[in-house]
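# Commentary on secondary and tertiary structure
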Amino acid sequence: MSSDESTEAGDAQREFVEQWRDPAYNCFSSGHKFCRNVCPVMQVTRNENHSPTAFHANIVAMEQGGLTVADVAEDYVHCTQCGACELRCPNTLMAGDFYRARTRTVDVVKAMRALAVESGLEQPNWKRWVEATVDRKNEPVLDVPVSQENVAKWAEGLGLEAGGETILFVDCEAAFYRTSLPRAVALILRAGGVEFGLMREQWCCGGPAAEMGYVAQSREFAEHNVADWRAIGARRIITLDPHDYITFTEDYPRYFGPAYEFEIVHITELVAELVRDGKLQLSKPIERVATYHDPCRLNKRKGIHQSPREILRAIPGLDFRDVDHVTQWAYCSGAGAGLSIERPELTRAISGQRLDRAAQLDVDLLVSACVWSERPLTEAGEHREPRIEVRDLMELVAESAGLEVTP
Amino acid sequence: MTERAISDAVYDELVGILGPDGVLTGKSARWNRTRVPAPFPVHRWHEHVPDVVVLPRTTEQVAEIVRLANRRKLPVVPRAAGTGLTDGATPLNGGILLDVKRMNEIREIDLLDRTVTVQPGLNMLKLNEVLQPHGVMFPDDPASYPCSMIGGRIGTSGWSLIGARYGHTRDLVCSLEVVLPTGEVVRIGEGGGRKVRKASTGFTLKPLFFGHEGTLGVVTEATLELVPRPQAEFAAFFGYRDYDTAWRSTGALARSGFATLAGVVLFDEWKLAYLRRDDEAYIEQPDWLKSVVAVAMYGNEAEVVPAAREIMRIGRESGGTYLGDEVSQGDWAARHDRYAIPLHGRLRSGEVVPMSWHCEDAALNYSVLPQVHEEWHAIADRYIERYGIFDDWGIFAYTNGAYKPWGDYLVEIDIGIWEQRLDDEGWAAWLNCKREITEVTLKYGGSISACHGASRAGDVDYVPQELGGAFDVMKKIKRTLDPNNVMNPGKYLLDQAYED
């Protein structure tokens, strides 16, 4: 590194510390560490420097000249950005709104990862992953051909058009890997009388890149997608992936400011409404014993926990064994924020733990509403005896509505 | 990258014991295992950093690490959750930081003899989640219940908020396994029993390992007492116009003689002001209120229901106004959550700045509470006036054994300190403030600490004065068990044991 570069890196770090030291101190000076026991990564590594509180303390130590971004960059890999720590923090619970001092660990992790990238401290697997995404414009989902020619292949034979006021945004994992999910969603929307179209050219939402610290790449993708939405006159975007929902409701407004004019809807909220209004009939019984996995980005990050439960309770024949959404603050699949790319063994351990909790309820089915959770959870469920199947809530809805989802 | 702070030979030996995954030499791993929640000289953080962090999983690994340290005369500092308030888990002389968080197994649940055997890195809330379906619980309930761990509870001899009913940590541990400073593994209990609660064979050694703060070894397993989950709970909050009436009422409630009484807590005017500050979860109470007494009972319905009626009568007849069911039932959680809100810090000007919570937690007799109350606030006020980095977050008192009329009290003054503005002068002032508070405690026949330990800078200076000849016994024990002074050296002034 030349001296110019090193000064630049030093400036970036100083600027970062200046911005984050007071919020970090709000955590540092809070004596208790209630966050630690709900943190999915801490639950499996038991390593204190992977804990949410350490992510804040590091910044105080950086201000004191004790640590640099090079000393801490790798620690910040150990986060799924599930947001449980923020909810469990006494600061958030007791005084957060009054002082607008809600603990913001997710933002801190994203910012530190961005500083690491800016400082040339890249994680090898994330770097490869981002390069492949830049190249293909969609996430490099394993073992399947990912490219713009294939991005809407999941919709073959459904007769869907591009354009319209309402757009269905199908994230990369669903578009290329779990194609039964977007097909089910398309049939449900059609059965419920919701008119919708697809994008002309859909790139990755850019959310994962932002989560890993690659902000410029994330913005570039966002700008492409928003330009496409505007060009086709879209007003409302339906997401079936909670990660997209977060990206479109949190990252995009930051990028585009007040000019960002879109209504973002998550499919669970929309389908719950269709069922409630009688526009979608769930009449075919599903004789299974099931529990529900609250996706972190719906429950913990966005407070969406009622609509999926409402839908599950409307499915006839289903023996639904619930775990309340607050208990599920401590649950996660481990798939979020790139953990599964850089530390797949931790994702496996976290998913395994989630399945252990499901098994305590004697269920044979774990229902999720997050497509990214389904691959590791499915794998963990298959390795159990007795086996626990993992399905997406929308796949169940389609089945109960009598819609035949052909692959 | 970061240069390693230990020699290759020590590193290799530790990796041989634990594998590479269990030996952390990175700077962030070491810096993050330095701090505990007590106010800390942040500007001198670098002075308290260990040289290496180890994450053992088994007793044998701990024993091997301690044997290595003893052979090479390296300091070993045990650390569980690191939520203690007396710096017990903060290394003073570098060395090996022995983090027990990976030792979090439940080894045995014995429902017949009602014990559970666990490793020290287990948290109480997690343990009770597992015990709940069996209808039993481990009734140790510190304010840090959701995050503190068994090992730290033993090391600091923790206080339980429902301890008046069920006993405190030291009463709830039947026996424990300890790796001594020279690496031997011993079981310490009543006599030689593992699950026996009371025996009279030999010396009663068990209490020696409560509150030693890692100076006498490392706890690697503990057999804990289980109790039935209570059928009934009752809580009542009473309000008062002045502290003296509230204090007299506290005494009357505590002398009621009910075994189901789990605690009687007295909050003063400063504490109420702190709790009232912009706290979104705080249930509003009338302005005339200057003091509050909270009572809790746990037990079988046959006991709690009639006792609750009597407690209500005593509370009212001794001058209390019942504050209603909403406050009484809804605010009890304050005990677990409310002490850690840095945004409740205020400068003398009223400006809000984030402050850390510090508490001086003396054990005092009931009779002296009003005098101590007055003198402590006067000390805090002088420091607030002069230095602009402190705030008075009030005093609360809590009974230690409500059914015993002679029961002493945990009396705690909570002081906010603005660590971001600390320098050597501010830190020195802070230590003097604590010394003055401690002097008042000793003047009134109290003990420096009821539950956190007295090994913090400032407080620790008075340990020889409080204990007198007993401190010489402590030194003899320390030197006998730890001939090379490897276990948490520098704590409790025990280095004096090695001065000829």
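Naming follows an unreviewed UniProt entry, where chain B appears as D-lactate dehydrogenase (cytochrome) of Kribbella amoyensis. Within the UniProt record for chain B, the comment given under Cofactor (unreviewed entry) is "FAD". Entered under Sequence similarities (unreviewed entry) in the UniProt record, the comment concerning chain B runs "Belongs to the FAD-binding oxidoreductase/transferase type 4 family."

Chain A is annotated in an unreviewed UniProt entry as Fe-S oxidoreductase from Kribbella amoyensis.

### A closer look at the overall build of chain B
A tally of helices and strands in chain B yields 16 helices and 18 strands. Relative to its length of 500 residues, chain B is compact, with a C-alpha radius of gyration of 23 Å against a globular reference of 23 Å. Judged by the C-alpha coordinates and their principal axes, chain B covers about 70 × 60 × 45 Å. Across the 500 residues in chain B, those meeting the buried criterion constitute 63%. Across chain B, every contact between residues at least 6 apart in sequence was considered, and the portion connecting residues at least 24 apart equals 71%. Carbon and sulfur atoms form 49% of the exposed surface of chain B, whose accessible area is close to 18,300 Å². Charged side chains in chain B number 54 positive and 69 negative. The centres of these two groups are separated by 3 Å.

### Focus: the pattern of salt bridges
Taken as a whole and assessed by the stated rule, the structure comprises 63 salt bridges over all chains. For the salt bridge of A:D11 with A:R14, the shortest nitrogen-to-oxygen distance reads 2.5 Å. Linking A:D11 with A:R14, this pair stays in helix α1 (residues 3–28), spanning three residues, or about one helical turn. Looking at A:D11, the relative accessible area reads 38%, which means it is partly exposed. Salt bridges sharing common partners tie together A:R36, A:E48, B:R33, B:D99 and B:K101.

### Some points on the interface of chain A and chain B
Every contact between the two is made by 42 residues of chain A and, on the other side, 53 residues of chain B. Between chain A and chain B, roughly 4,000 Å² of surface is buried when both sides are summed, and carbon and sulfur atoms account for 55% of that area. Ranking the residues of chain A by area buried against chain B places A:Y25, A:R46 and A:M94 at the top, with a combined share of 19%. In this structure, the connection of chain A to chain B is made through one salt bridge. Here A:E48 and B:K101 are joined by a salt bridge, their closest N and O atoms 2.4 Å apart. Between chain A and chain B we count 16 residue pairs in polar contact (both at pLDDT 80 or more) in total. For the side of chain A that touches chain B, the secondary structure elements donating two or more residues are α1, α2 (40–45), α3 (52–63), α4 (69–72) and α6 (90–99) of chain A.

### Quick look at the sheet that holds strand β6 (residues 365–368) of chain A
Residue and element names in this part refer to chain A. Strands sit in the order β5-β4-β6-β7 across an open sheet of four strands; the sheet is parallel. In the strand order of this sheet, the two ends are held by β5 (319–320) and β7 (389–392), each with one partner. Strand direction decides the pairing type here: β6 and β7, joined by four bridges, are parallel. Residue pairing in the sheet places S368 in a bridge with D392 of β7.

### Considering the packing of aromatic side chains
Within a pair of aromatic rings, the relevant descriptors are the distance that separates the centres and the angle that separates the planes. Under the definition given, this model contains 28 aromatic pairs over all chains. Between B:F390 and B:W430, the aromatic rings sit 5.5 Å apart at their centres with planes inclined by 25°, giving stacked as the arrangement. Of this pair, B:F390 sits in strand β17 (residues 390–399) while B:W430 sits in helix α14 (residues 424–443); the two residues are 40 residues apart in sequence, bridging distant segments of the chain. Note on accessibility: B:F390 and B:W430 belong to one class, buried. Here the guanidinium or amino end of A:R230 rests over the ring plane of A:F256, the centre of that ring lying 5.9 Å away. The ring of B:Y11 has B:R4 lying over it, and the distance from NZ or CZ to the ring centre is 3.6 Å.

### Observations concerning the UniProt feature "domain: FAD-binding PCMH-type" (unreviewed entry) in chain B
Sequence positions flagged by UniProt for "domain: FAD-binding PCMH-type" (unreviewed entry) are, in local numbering, residues 46–229 of chain B. Here residues 46–229 of chain B runs as 20% helix and 24% strand, with 46 Å between its end C-alpha atoms.

### Comments concerning the domain arrangement of chain A
Residues and elements named next belong to chain A. Domain annotation for chain A reports domain 1 (2–121), domain 2 (148–270) and domain 3 (273–401). For domain 1 versus domain 3, the distance between C-alpha centres works out to 30 Å. At the interface, 20 residues of domain 1 touch 18 residues of domain 3. Between domain 1 and domain 3, a total of about 1,600 Å² is buried, with carbon and sulfur atoms accounting for 64% of that surface. The residue R343 makes a salt bridge to E74 at a minimum N-O spacing of 2.8 Å. Secondary structure elements with two or more residues in the side of domain 1 that touches domain 3: α2, α5 (84–88) and α7 (105–118).

### Some points on the packing of helix α8 (residues 243–254) of chain B against helix α10 (residues 301–317) of chain B
Residue and element names in this part refer to chain B. Running from N to C, α8 and α10 cross one another at 155°; their axes reach a closest spacing of 9 Å. As far as their axial angle goes, α10 and α8 are roughly antiparallel. α8 and α10 meet at a crossing whose hand is right-handed. Here S249, A252 and L253 of α8 come into contact with α10, specifically with I311, I314 and G315. Looking at the contact of α8 with α10 residue by residue, the classes come out as four nonpolar, two polar and no charged.

### A look at empty space enclosed by the protein
Rolled over the atoms, a probe as big as a water molecule pinpoints where empty space is left. A complete count under the given rule lists nine cavities of 30 Å³ or more for this structure. Reported here for the largest cavity is a volume of approximately 690 Å³. Residue lining of the largest cavity: 45 residues in total, with B:T83, B:G84, B:G152, B:R153 and B:T156 positioned closest to the centre. Elements that contribute at least two residues to the lining of the largest cavity include exactly β3 (76–79), α5 (150–156), β10 (218–225), β17 and β18 (409–417) of chain B. The element contributing the most residues to the lining of the largest cavity is α5(B), with six residues. Along the lines of polarity and charge, the residues of the lining of the largest cavity split into 22 nonpolar, 17 polar and six charged. Counted as a void, the second largest cavity has a volume near 140 Å³. Taken together, 18 residues form the lining of the second largest cavity, with A:K33, A:T53, A:A57, B:N32 and B:R35 sitting closest to its centre.

### Quick look at the pairing of strand β4 (residues 96–99) of chain B
Along any regular strand the residues' side chains alternate between the sheet's two faces. All names here are of chain B. Across the two faces of β4 the burial is the same, with I96 and L98 and L97 and D99 all buried. Inspection of the sheet shows strand β2 (residues 52–54) paired to β4 by three bridges, in the parallel sense. Note on β4: the bridge partner recorded for V54 is L98.

### Side note on the side chain of A:N47
Of note, A:N47 is situated in the loop between α2 and α3. Residue class for A:N47 comes out buried when judged on its relative accessible area of 5%. A distance of 2.7 Å separates polar atoms of two side chains, one belonging to A:N47 and the other to B:R33. Residue contacts for A:N47: discarding those within four places in its chain leaves A:M42, B:L24, B:R33, B:L55 and B:R102.

Rules and cut-offs
- Residues numbered from 1 in each chain as written.
- Chains lettered and ligands numbered in written order.
- Predicted model: local features only at pLDDT ≥ 70, side-chain atom pairs only at ≥ 80, totals over all residues.
- Heavy atoms only, no water.
- UniProt positions renumbered as here; feature names shortened; annotations may be inferred.
- Helix = DSSP H or I, 4+ residues; strand = E, 2+ residues; numbered from the N terminus.
- Rg over C-alpha atoms; globule rule 2.2 N^0.38 Å.
- Buried < 20%, exposed > 50% of the residue type's maximum accessible area, 1.4 Å probe, protein only.
- Contact = heavy atoms within 4.5 Å.
- Areas by Shrake-Rupley, 256 points an atom, 1.4 Å probe, with all protein chains shown as cover.
- Lys, Arg positive; Asp, Glu negative; His and termini not counted.
- Charge placed at Lys NZ, Arg CZ, Asp CG, Glu CD.
- Salt bridge = Lys/Arg side-chain N within 4 Å of Asp/Glu carboxyl O.
- Buried area = accessible area lost by both parts, 1.4 Å probe.
- Polar contact = N/O pair within 3.5 Å; in protein donor to acceptor, adjacent residues only side chain to side chain.
- Pairing = 2+ DSSP bridges.
- Phe/Tyr/Trp six-rings, centres within 6.5 Å; stacked < 30°, edge-to-face > 60°.
- Lys NZ or Arg CZ within 6 Å of the ring centre and 35° of its normal.
- Domains from an automatic or database assignment.
- Axes fitted to C-alpha atoms, helices over the stretch in contact; angles between N-to-C directions.
- Parallel < 35°, antiparallel > 145°, perpendicular 65-115°, else oblique.
- Left-handed = near helix turned anticlockwise from the far one by under 90°.
- Nonpolar A, V, L, I, M, F, W, Y, C, P; charged D, E, K, R; others polar.
- 1 Å grid on protein atoms, 1.4 Å probe; cavity = no way out; pocket = protein on both sides within 12 Å on 5 of 7 lines; lining within 4 Å.
- Points joined across faces, edges and corners; volume = space filled by probe spheres on them.

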